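Listed below are the residues making up each chain.
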Amino acid sequence: MADQRPQGKTNAAGGRSPKAGGRKAKAAKLVETTGLRPDELIGLLQRMMLIREFEEECARLYRAGRIRGVTHTYQGQEAVAVGVCSTLNVSDFITSTHRGHAHVIAKGGDVNLMMAELLGKATGYCKGRGGSMHIADMSQGILGANGIVGGGMGIAVGAALSSKMLGRDTVAVCFFGDGAMNQGILHEVSNIAACWNLPVVFLCENNFYGMSASVEDTLACKEMNLAGRAAAYDIPAATCDGMDVIDVHLATRAAVERARGGGGPSYVVCTTYRFLGHHVGDPLTYRDKSAVDPWRLRDPIPNFAGRLVADNLATREQVDRWEAEAKDAIARALAFAEESPDPDPSNLTEDVFA
Amino acid sequence: MTTQAIKTTTMTYGQAVCDGMAVEMRRDPTIYVAGEDVGMFGGGLGVTLGLIDEFGPKRVRNTPLSETAIVGHAVGAAMAGLRPIAEIMFDDFLGIVLDELGNQAAKARYMFGGKVAIPMVLRASCGAGIRAAAQHSQSLEAWCAHVPGLKTVAPSTPVDAKGLIIAAVRDDNPVVFLEHKTLLNIQGEVPEGEYIVPIGKAEVKRQGGDVTIVAWSAMVAQALAAAEALAAEGVSAEVIDLRTIVPFDKEAVLESVAKTNRLVIVHEAVRTAGFGAEVAAVVAGEGLDLLDAPIVRVTAPDTPVPFSPVLEDAYLPNADKIKAAVLSLL
């Protein structure tokens, strides 16, 4: 089996060779290296914590039979959603995936409305009609999670075209996973986005598995250089460390700035790992139990918290308090959802048409 | 009611579609056309010819040969403030784009709890009769009708082509607009300027008392020819052009059957699970006591569309087959 051990510094070929953490050396001066204010850096940590707590609660609720259907959680990948969305404005667009809770939270979604949706309540984002895989918030530019792998790609490119045609400077980020790298639509939209020079960022989260299928078995890609595919369209590409919120932020920021400035589309591939299964309840028979261990050592949340502390941007006490606050926010979201009414079945045929 | 003289122009069905799009594009700068060859070349079947001269390449966008991207990007553009008119040359290519149409465009509003509208039109040519064989000749309105959230229209005349394309562009839902390729060059008088035919309204094309013939798209002309032939034999047939498939104007059909007590449904699509089955089920379910005879369908057989002119002619429903079906009921 090919090497899936994590590494601190990314390399051009998707960061597959285990190298020492070169970028870590720069961590001491986060404000200087990123240009972000201390409160913005702290916000990155808080948002990752909120996602982690949301997903942990989702998994608990699912196992308890209180969330029905299928739920795909994001533990381990938080640096990607937060690093990416921290480069965007409210008016920018994202399209998300079946594993989309984190993207919604990172882009400014409301966890109360999300939790209510996951519990199928009338107060949920979609009035209980969408569930885990179909949360959208037009007011935040969230053009929907999507139950179809690659389903957001056309939508993202269309949203990017709207920016161009309406003379706006908004950018669209299209989240997708390594599995979606093999969907035919990615070829079509990459080509059309390049032909039309559209402000879109194709944001691939390589967590090494499309459900149970490993990238080694399913991606015809030299040295697992997923970003290399962008060259076929003359689209600039970067690969970054998806376990490092700063690395993701900086790589995405460059792509977003290029798009906003009229420079057209980019690929950004974030090398990351999902700590848990494809969905809650996945028996994980396709992966060694120990495979996750080195990745857990690179858990983006405690690692980034440590960097903030090392940089004197936070104290341990503050970090603990922020974690408690995230837990409280999710507890409130769950209480809101549980107190909310069920949808009225007499409304089930509404909203098919505008 | 005062009757205002409506200025009309003689034009073809295809020109009427183009004229309707141009009228709307002048009114609303967020409307644009996207598809293969839609620019200078005028689209695969010439419908958009000349449009680029007035509106330029930004609003009449030639796309790569990528139907999935054509329809997929239109969904996102519609979500984000534009009103796209996407063109795929043939409705046979619905198979390529069905995820974007059926899983994204049609469902977004419902899945997202009514918070988004998808004001897009998907234009495609449909139908057989030009010896284009199995992958360029189908009538696939029933595919579209089976996905909640899509509207589907299939005009039979130049005047309806204009009125319905304008209605489709103004609709806040995804509308599939099927242009029958054998109708594109038929001529008719078409009102100038803004002219709307409401989506969801059938039209009685010929009054009659003995039998109701329901048809749409190219089959309307065949139904009218059959009615004319039947009149010579003393049979009075009422012909209804559905014009819109979804939403289905069942009231118009039931009202007519209440008068004639007999129903013949004609469509060019294959028989099994064609939209005629839905029309028959609705009339049987809601108007069984109106009927004095079984409901009869005149359709293509359950085969792919054949190439040989001899076979294709045998495949297609026509006035003679419709007439025979009507006479079998009397």
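Every chain begins its residue count from 1, and numbering advances along the sequence as written. Labels are handed out in written order, letters beginning with A for the chains and numbers beginning with 1 for the ligands. The predicted origin of the model limits local features to residues at a pLDDT of at least 70 and limits the giving and counting of side-chain atom pairs to 80 or more, whereas totals for whole chains, interfaces and linings rest on all residues. Computation of side-chain values: all heavy atoms of the structure, hydrogens and water removed.

(A) A look at the pattern of salt bridges. All names here are of chain B. Whenever Lys or Arg places a side-chain nitrogen within 4 Å of a carboxyl oxygen from Asp or Glu, that contact is recorded as a salt bridge. If you walk through the whole model with that rule in mind, you get 31 salt bridges over all chains. Note that Glu 179 is salt-bridged to Arg 123, the shortest N-O span being 2.5 Å. Note that Glu 179 is positioned in strand 7 (residues 175-180) and Arg 123 in strand 5 (residues 121-126), a separation of 56 residues in sequence. For the pair Glu 179 and Arg 123, a shared accessibility class is recorded, and that class is buried. The residue Arg 206 makes a salt bridge to Glu 228 at a minimum N-O spacing of 2.7 Å. On the criterion of sequence distance, the pair formed by Arg 206 in strand 9 (residues 203-206) and Glu 228 in helix 8 (residues 219-232) is long-range, its members being 22 residues apart. Through salt bridges with shared partners, one network takes in Glu 24, Arg 27, Arg 170 and Glu 194. Here a helix means four or more residues in a row that DSSP labels H or I, a strand means two or more in a row labelled E, and each is numbered from the N terminus. Throughout this description, buried means an accessible area under 20% of the type-specific maximum (1.4 Å probe, protein chains only), exposed means over 50%, and partly exposed covers the range between.

(B) Geometry of the sheet that holds strand 4 (residues 83-90) of chain B. All names here are of chain B. Only strands joined by at least two bridges in the DSSP assignment are considered to pair. One open sheet holds the 7 strands; their spatial order is 3-2-4-5-7-6-12, and the pairing between them is mixed. Across the chains shown, the open sheet's two edge strands, defined by having one partner strand only, are strand 3 (60-62) and strand 12 (244-246). In this sheet, neighbouring strand axes are inclined to one another by 20° on average, regardless of whether the strands run parallel or antiparallel. Bridge analysis of strand 6 (residues 151-153) against strand 7 gives 3 bridges, and the strand direction is parallel. All axes here are fitted lines through C-alpha atoms, helices being fitted over the stretch that makes contact, and every angle between N-to-C directions spans 0 to 180 degrees.

(C) Main features of the interface of chain B and chain A. When checking whether two residues touch, look at their non-hydrogen atoms; a contact exists if any pair is within 4.5 Å. Each partner contributes residues to the interface: chain B has 41 residues there, and chain A has 37 residues. Pairing of N or O atoms within 3.5 Å defines a polar contact, subject to two protein rules: one partner must be a possible hydrogen donor and the other a possible acceptor, and residues neighboring in sequence count only if both atoms are side-chain atoms. Put simply, chain B and chain A have 11 residue pairs in polar contact (both at pLDDT 80 or more) between them. Where the side of chain B that touches chain A is concerned, the elements lending two or more residues are helix 2 (51-59), strand 3, helix 3 (67-79), helix 4 (94-105) and helix 5 (108-111) of chain B. With 9 residues, helix 3 of chain B is the single largest residue contributor to the side of chain B that touches chain A.

(D) The pairing of strand 11 (residues 237-241) of chain B, seen in detail. Residue and element names in this part refer to chain B. Among the 5 residues in strand 11, 5 count as buried, and that is most of the element. Side-chain alternation along strand 11 places Ala 237, Val 239 and Asp 241 on one buried face and Glu 238 and Ile 240 on a second face that is also buried. With 3 bridges joining them, strand 9 and strand 11 adopt antiparallel strand pairing. Its bridge partner lying in strand 11, Arg 206 is registered against Val 239. Where strand 10 (residues 211-215) meets strand 11, 5 bridges bridge the pair, whose relative direction is parallel. For Thr 212, the partnering residue across the bridge sits in strand 11 and is Glu 238. For the handedness criterion, the strands are oriented away from the viewer, and a crossover whose path from the first strand over the helix to the second runs clockwise is classed as right-handed. Read from strand 10 through helix 8 to strand 11, the crossover connection turns out right-handed.

(E) A look at the nonpolar core. Core analysis: the biggest nonpolar cluster contains 101 residues, and Phe 176, Met 181 and Phe 202 of chain A together with Met 79, Ile 118, Leu 242 and Val 253 of chain B have the highest contact counts within it. The element contributing the most residues to this core is helix 3 of chain B, with 8 residues. What counts as a domain boundary in this text is fixed by an automatic or database domain assignment. For this core, the domains that each give at least three residues are domain 1 (8-191) and domain 2 (203-329) of chain B. Aside from chain neighbours lying at most four places away, what touches Leu 242 of chain B is Lys 201, Ala 202, Val 214, Ala 215, Trp 216, Phe 248, Val 253, Phe 275 and Val 279 of chain B. Nine residue types can take part in a nonpolar core, namely buried Ala, Val, Leu, Ile, Met, Phe, Trp, Tyr and Cys, and a core is a set of them joined through side-chain atoms within 4.5 Å.

(F) Broad picture of unusual backbone geometry. In this model, Val 246 of chain B is joined to Pro 247 of chain B through a cis peptide bond whose omega is 0°. Here Pro 247 of chain B lies in the loop between strand 12 and helix 9 (250-260). Of note, Asp 351 of chain A is a non-glycine position whose phi angle comes to about 75°, a positive value. Inspection of the secondary structure puts Asp 351 of chain A in the segment after helix 12 (316-339). By relative accessible area, Asp 351 of chain A is classed as buried at 14%. The residue Asn 261 of chain B is not glycine, and still its phi comes out positive at about 65°. By the element assignment, Asn 261 of chain B lies in the loop between helix 9 and strand 13 (263-270).

(G) Seen up close, the packing of helix 2 (residues 38-63) of chain A against helix 11 (residues 300-310) of chain A. Residues and elements named next belong to chain A. Running from N to C, helix 2 and helix 11 point in directions that differ by 155°, and their axes come no closer than 10 Å. On the basis of the axis angle, helix 2 is roughly antiparallel to helix 11. Remark: the crossing between helix 2 and helix 11 carries left-handed chirality. Contacts between helix 2 and helix 11 involve Leu 41, Ile 42, Leu 44, Leu 45, Met 48, Met 49 and Arg 52 on the former and, on the latter, Pro 300, Ile 301, Phe 304, Ala 305 and Leu 308. An angle below 35 degrees is treated as roughly parallel, one above 145 as roughly antiparallel, one from 65 to 115 as roughly perpendicular, and anything else as oblique. Crossings are assigned a handedness: left-handed for a near helix turned anticlockwise from the far helix by less than a right angle, right-handed for a clockwise turn.

(H) Representation of the state of the cysteines within the structure. Criterion for a disulfide: a pair of cysteine sulfur atoms at a distance within 2.5 Å. Considering all chains together, one arrives at 0 disulfides over all chains under this definition. Free cysteine Cys 58 of chain A: the closest other cysteine sulfur is in Cys 126 of chain A, separated by 14 Å.

Purely spatial values, then, with no claim about function.
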